Amino acid sequence: MPQSAEKILDHAPLFREPEYRQMLAEKKLNFECPHADQIVADQGEFTKTWEYREKNLAREALVVNPAKACQPLGAVFAAAGFERTMSFVHGSQGCVAYYRSHLSRHFKEPASAVSSSMTEDAAVFGGLKNMVDGLANTYQLYDPKMIAVSTTCMAEVIGDDLHSFIQNAKDENSVPRDFDVPFAHTPAFVGSHVDGYDGMVKGILEHFWKGQERTEAKGTINIIPGFDGFCVGNNRELKRLLDLMGVSYTFIQDASDQFDTPSDGEYRMYDGGTNIEDVKKALNAEATLSLQYYNTRKTLEYCEQVGQATASFHYPLGVQATDEFLMELSAISGKEIPETIRLERGRLVDAMADSQSWLHGKKYAIYGDPDFVHAMARFVMETGGEPTHCLATNGTSAWEAEMEELLASSPFGKDAQVWAGKDLWAMRSLLFTEPVDLLIGNSYGKYLERDTGTPLIRLMFPIFDRHHHHRFALMGYQGGLRVLTTILDKIFDKLDRETSQTGVTDYSYDLTR
Amino acid sequence: MSLDYENDGALHAKLIEEVLSQYPDKAAKRRKKHLSVAKSGDEAGEEGEVLSECDVKSNIKSIPGVMTIRGCAYAGSKGVVWGPVKDMVHISHGPVGCGQYSWSQRRNYYVGTTGIDTFGTMQFTSDFQEKDIVFGGDKKLEQIIDEIEELFPLNNGITVQSECPIGLIGDDTEAVSRNKAKEHEKTIVPVRCEGFRGVSQSLGHHIANDAIRDWVFEKKDVEFEAGPYDVNVIGDYNIGGDAWASRILLEEIGLRVVGNWSGDATLAEIERAPKAKLNLIHCYRSMNYICRHMEEKYGVAWMEYNFFGPSQIETSLRNIAKHFGPEIEEKTEKVIAKYRPLVDAVIAKYRPRLEGNTVMLYVGGLRPRHVITAYEDLGMVIVGTGYEFAHNDDYQRTGHYVKNGTLIYDDVTGYELEKFIEGVRPNLVGSGIKEKYPVQKMGIPFRQMHSWDYSGPYHGYDGFAIFARDVDLAINNPVWGLYQAPWKESPDRGRAIAAE
């Protein structure tokens, strides 16, 4: 009997005990009707070949292990970045359970959102009644300052019109007439979560800015961070930099406190987020900067329409991307970049110089959201690494072109390949046929690590199987240090593992590296 | 070993009143029917008798805007019933999200080479785009099935798990499945589990069960030598290895588990199920339908059992053995005796650390009742419980488990659960990922009772030991004592400590 009260074995060791191994072997043999081991082994080997890769990349319809989610997830994340805002997702209720779970599993935090719980009858008659009742219930139960409405694909397919539904609900006194109910249509069959983010932020800005007079306040800047699993660390780090520079800024959408509430006995359903009053005033800003262009294309267009200057970045991470971001800030705000920040920059460069021998020539596969992949590829090249495979399932042809341009700008990018629209099963073939030293992505990449042996570095949403990484910044020079250290740790841990066999390989098990 | 206790029904009734007073009238009226306090049954206490009545409305629509914790029919079919069948490819048919959010989240353990002969922890999606909505997705589905056949040739079948849009745009996934099944000589099962169907996961279970009946049974000649002690385990999804910790016991008492539905299952295990002698059903809610069908059509008897905690395991093993006669009964007594020292040692170790601690549960399926005795075996007290998607027959069965005065909440809302927990201040809450962090912020220990909080198994004797350890480590962790900054400690609290 493997189990004992003294040393309790859970799943990981328990099923390695002989009783269970035998039981499982017999189950397979007697009851599963499996394929012969040789056939399975052969097919396994076949999936590692160029021939399989070609078939795999030629797929047109089937998507396997994509690295993207659907629009409403982005909308719910976006809404979480505004003061006392409850997300109300119009459509089927199961979707909302999924968004909440998904966000909670990454942030290890509460994630609130409600659904209008549409069922079969609403599919036939439309979901107006659900909206009217739902807004009233949400308003009364959860005491929000704003309710941000987005949609599941069900409501989109039947064509429910949010604008008129919300008007109707106000007419029926579900919420007070002057209560803020911005909305965004977020069809899951268009784009991805980054577009849902874009739609919701634009919806909120339009709600507050439409028809308002703009009086430009020189030197003030709006910052839109984009969908970012590291918002907790990143937004705080960026604010520190902005404060050091003395810039007058407003974060538009800031979920850093919402997804990092303290444990002190009180459950805060709402915490932090951009103040509603600040959103209103943000119309007057001289410029709006987006930290992630592909998360904010429509929002930036709108900002331009109202007369603001705009600039966008691709997840300012590493040396040059941070340089550009700070210089742009400086140019718009008229504030100089202080010496302290220059010293910080120098410290990151110093660290990179100290470690360059371990990084030069390392090959990487990078996947994730378009802006992040751009940023990582750029930073990798700054360290002398080669971003061999750059993949974004939600990458567009415009992104592909921009990536090509980036890669062409450095000798370290000359062998790099860009994979827009491809998924992680395609990545599996790429890693088998053109192997790399390191894989950068999110938790889903662990299956690639298992299959191909490529060490995985988790720097992208969602991270389910490691804790608290998102609490640390990746952006800015300080973030660069964190990314650098994370990559180096992975390299050193692997080398130590490979050289740790006593009397066989441990001559290379160096104390100093 | 049922503990004798009663809960504070008056407090619970007051809490119900308080939460209802916060709703708009219309919603309060509807929610009232879902909340109650368990009342003493007529013949309380005797084994198998009803301990209490849990009279609430259930399995009706959730109210919009209240933050129901429920999921959808797709979650019930792909996420629960079909997803764990390991040698089939399950296509999440529609937009990308549903498959993405449910990818690898239920911890249905299996053995196999993923991507080659098993496909459990993968996300296959048709990733619907606008043009698929406008022009229909049947052509795309055909192509997807062909591509699966080419890239994953060792799959033993395919299921098509419909997401919301499929039923709305009028796609004919049945026709596609039928044609492609013929062409590829494979089992292809269309499942009409669009998320808007029904009121929760529950209808998805039912639809998934029906799909087994209509698209798997009697479709192939099943070559299988039936034996006298053949059983199927039904409704064990092998979460964290639950089904394995159960199977080992059933084999030890001399039974042959010829199929496990659906954790770690292959299609072959499902196909041969009607040849078994007895269906043992653990999660009654999600798979009773197919058991009833197998009884009617093939004469396979079924019985419910409960492998959570030693009291229920012993009772269940004996009930199962009774079905097969003296030889199995004798072996069963030996197995019970063999594990008794383990049980005694686990209880001796943990009961003193857990005795009298109160627990609130809110889960799905079978657990809001099935796990109760496991806690009681450790000396703990269940003060409240409720189901996400139960039906009347679940609440009837719950009466066999809960004590007078227990707070009962059906399809609880985020608001209610928070207020109930605040009002009761239990020592432990067992619920899901969405509930975990709000509860912990309040300083109350929590265990996820869907995923076993990444631990498990919890079934069987081996599982009970892990369960006891996990409950102990949740409740007795020092972090709960660190919540108050010492310079903020209230004077009241300071005095209370000094007086001890």
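All residue numbers here refer to positions counted from 1 along the written sequence of the relevant chain. Throughout, the order in which chains and ligands are written sets their labels, letters from A for the former and numbers from 1 for the latter. The model is predicted, so local features are restricted to residues of pLDDT at least 70 and side-chain atom pairs to those at 80 or more, both for listing and for counting; the totals for chains, interfaces and linings are taken over all residues. Computation of side-chain values covers all heavy atoms of the structure but excludes hydrogens and water.

- Taking an unreviewed UniProt entry as the reference, chain B is identified by name as Nitrogenase protein alpha chain belonging to Mesorhizobium kowhaii.
- UniProt positions are given in the numbering used here, feature names are shortened, and annotations may be inferred rather than shown by experiment. You can read under Catalytic activity (unreviewed entry) in the UniProt record for chain B the words "N2 + 8 reduced [2Fe-2S]-[ferredoxin] + 16 ATP + 16 H2O = H2 + 8 oxidized [2Fe-2S]-[ferredoxin] + 2 NH4(+) + 16 ADP + 16 phosphate + 6 H(+)".
- We quote the UniProt Subunit (unreviewed entry) comment for chain B here in full: "Tetramer of two alpha and two beta chains. Forms complex with the iron protein (nitrogenase component 2)."

- In the nomenclature of an unreviewed UniProt entry, chain A is known as Nitrogenase molybdenum-iron protein beta chain of Mesorhizobium kowhaii.
- Heading Catalytic activity (unreviewed entry) of the UniProt record for chain A holds this comment: "N2 + 8 reduced [2Fe-2S]-[ferredoxin] + 16 ATP + 16 H2O = H2 + 8 oxidized [2Fe-2S]-[ferredoxin] + 2 NH4(+) + 16 ADP + 16 phosphate + 6 H(+)".
- Listed in UniProt under the heading Function (unreviewed entry), the comment for chain A reads: "This molybdenum-iron protein is part of the nitrogenase complex that catalyzes the key enzymatic reactions in nitrogen fixation."

**Regarding the packing of helix H11 (residues 193–209) of chain A against helix H14 (residues 297–305) of chain A**
All names here are of chain A.
And then number 1: Under this scheme, a helix contributes an axis fitted over its contacting stretch, all axes are lines through C-alpha atoms, and angles between N-to-C directions fall in the 0 to 180 degree range. Numbered from the N terminus, helices here are DSSP runs of H or I no shorter than four residues, and strands are runs of E no shorter than two. Axis separation between H11 and H14 bottoms out at 7 Å; the angle between their running directions is 25°. In terms of axis orientation, H11 runs roughly parallel to H14. Seen from H11, the contacting residues are Asp195, Asp198, Val201, Lys202, Leu205, Glu206 and Trp209; seen from H14, they are Arg297, Lys298, Thr299, Tyr302 and Cys303. By the definition adopted for this analysis, an angle is roughly parallel if under 35 degrees, roughly antiparallel if over 145, roughly perpendicular if from 65 to 115, and oblique otherwise. Any two residues having at least one pair of non-hydrogen atoms within 4.5 Å are treated as being in contact.

**What to know about the packing of helix H9 (residues 201–215) of chain B against helix H12 (residues 284–298) of chain B**
Residue and element names in this part refer to chain B.
And then number 1: Contact geometry of H9 with H12 gives a least axis separation of 8 Å together with a crossing angle of 30°. Taken together, the axes of H9 and H12 are roughly parallel relative to one another. In this structure, H9 crosses over H12, and the sense of that crossing is right-handed. For the pair H9 and H12, contact is made by Ser202, His205, His206, Asn209, Ile212 and Arg213 and by Arg285, Ser286, Met287, Asn288, Tyr289, Ile290 and His293, respectively. Helix crossings are classified by the rotation of the near helix relative to the far one: an anticlockwise turn of less than a right angle makes the crossing left-handed, while a clockwise turn makes it right-handed.

**Focus on the environment of Trp50 of chain A**
And then number 1: Along the chain, the position of Trp50 of chain A falls in helix H4 (residues 50–57).
And then number 2: Remark: the alpha-carbon pair of Trp50 of chain A and Glu434 of chain A, spanning 384 residues in sequence, is separated by 9.4 Å.

**A look at the sheet that holds strand S7 (residues 187–191) of chain B**
Working definition: the strands of a sheet are paired by backbone hydrogen bonds and lie parallel or antiparallel to each other.
And then number 1: Read from one edge of the open sheet, 5 strands run S1(A)-S5(B)-S4(B)-S6(B)-S7(B), paired in mixed fashion. In this open sheet, the two strands that pair with only one neighbour each are strand S1 (63–64) of chain A together with S7 of chain B.
And then number 2: If DSSP finds at least two bridges between two strands, the strands pair. Relative to S7 of chain B, strand S6 (residues 157–162) of chain B runs parallel, the two being bridged by 5 bridges. Following the sheet pairing, Val160 of chain B is matched in S7 of chain B by Pro190 of chain B.
And then number 3: The sheet contacts of helix H6 (residues 138–151) of chain B involve strand S4 (89–93), S6 and S7 of chain B, and relative to S4 of chain B the element is tilted by about 155°.

**Some remarks on the domain arrangement of chain B**
Residue and element names in this part refer to chain B.
And then number 1: By domain assignment, chain B separates into domain 1 (9–62 + 354–454), domain 2 (73–216) and domain 3 (230–342).
And then number 2: Each domain's limits were defined by an automated method or a database of domain assignments. The C-alpha centroid of domain 3 is placed 27 Å from the C-alpha centroid of domain 1.
And then number 3: Each partner contributes residues to the interface: domain 1 has 20 residues there, and domain 3 has 16 residues.
And then number 4: A simple way to read buried area is as the amount of 1.4 Å-probe accessible surface that goes missing from two parts once joined, with both sides added. Together domain 1 and domain 3 conceal approximately 1,400 Å² of surface at their shared face, both sides included; 53% is due to carbon and sulfur atoms.
And then number 5: The working definition used for a salt bridge is a side-chain nitrogen of Lys or Arg within 4 Å of a carboxyl oxygen of Asp or Glu. Scanning the region where domain 1 abuts domain 3 turns up 3 salt bridges.
And then number 6: Close ionic contact of Asp393 with Arg285 constitutes a salt bridge, the shortest N to O distance being 2.9 Å.
And then number 7: Put simply, the parts of the chain that give the side of domain 1 that touches domain 3 at least two residues each are helix H15 (367–370), helix H16 (372–377) and helix H17 (392–398).
And then number 8: Its residues placed into classes, the side of domain 1 that touches domain 3 shows 7 nonpolar, 6 polar and 7 charged. Under the convention adopted here, Pro, Cys and the residues Ala, Val, Leu, Ile, Met, Phe, Trp and Tyr are nonpolar, Asp, Glu, Lys and Arg are charged, and Gly plus all remaining residues are polar.

**Quick notes on the pairing of strand S2 (residues 85–90) of chain A**
Residues and elements named next belong to chain A.
And then number 1: Only protein chains enter the accessibility calculation, which uses a 1.4 Å probe. A residue is then buried if its area is under 20% of the maximum for its type, exposed if over 50%, and partly exposed in between. When you tally the buried positions in S2, you get 6 out of 6 residues, the bulk of the element.
And then number 2: Burial of the side chains of S2 extends over both faces: Thr85, Ser87 and Val89 are buried on one face and Met86, Phe88 and His90 on the other.
And then number 3: Judged from the 6 bridges that link them, S2 and strand S4 (residues 146–151) form a sheet pairing that is parallel. Residue pairing across strands places His90 opposite Thr151, the latter belonging to S4.
And then number 4: One ladder, built from 2 bridges, connects S2 with strand S3 (residues 114–115); its direction is parallel. Within S3, the residue paired with Phe88 across the bridge is Val114.
And then number 5: The handedness of a crossover follows from its direction of travel: if, with the strands pointing away from the viewer, the path from the first strand over the helix to the second runs clockwise, the crossover is right-handed. In this fold, S2 hands off to helix H6 (residues 93–107), which returns the chain to S3; that crossover is right-handed.

**Brief notes about the UniProt feature "domain: Nitrogenase/oxidoreductase component" (unreviewed entry) in chain A**
And then number 1: The sites that UniProt annotates as "domain: Nitrogenase/oxidoreductase component" (unreviewed entry) are residues 70–490 of chain A.
And then number 2: End C-alpha to end C-alpha, residues 70–490 of chain A measures 31 Å, and it is 48% helix and 14% strand.

**Here's the deal with the domain arrangement of chain A**
Residues and elements named next belong to chain A.
And then number 1: Assigned domains within chain A: domain 1 (71–209), domain 2 (220–339) and domain 3 (355–481).
And then number 2: A C-alpha centroid distance of 24 Å is found between domain 2 and domain 3.
And then number 3: Facing the 32 residues of domain 2 at the interface are 29 residues of domain 3.
And then number 4: Between domain 2 and domain 3 the total buried area reaches about 2,700 Å² when both faces are included, carbon and sulfur atoms providing 61% of it.
And then number 5: Taken together, the links from domain 2 to domain 3 amount to 2 salt bridges.
And then number 6: Residue Asp260 is joined to Arg471 by a salt bridge in which the shortest nitrogen-to-oxygen separation is 2.6 Å.

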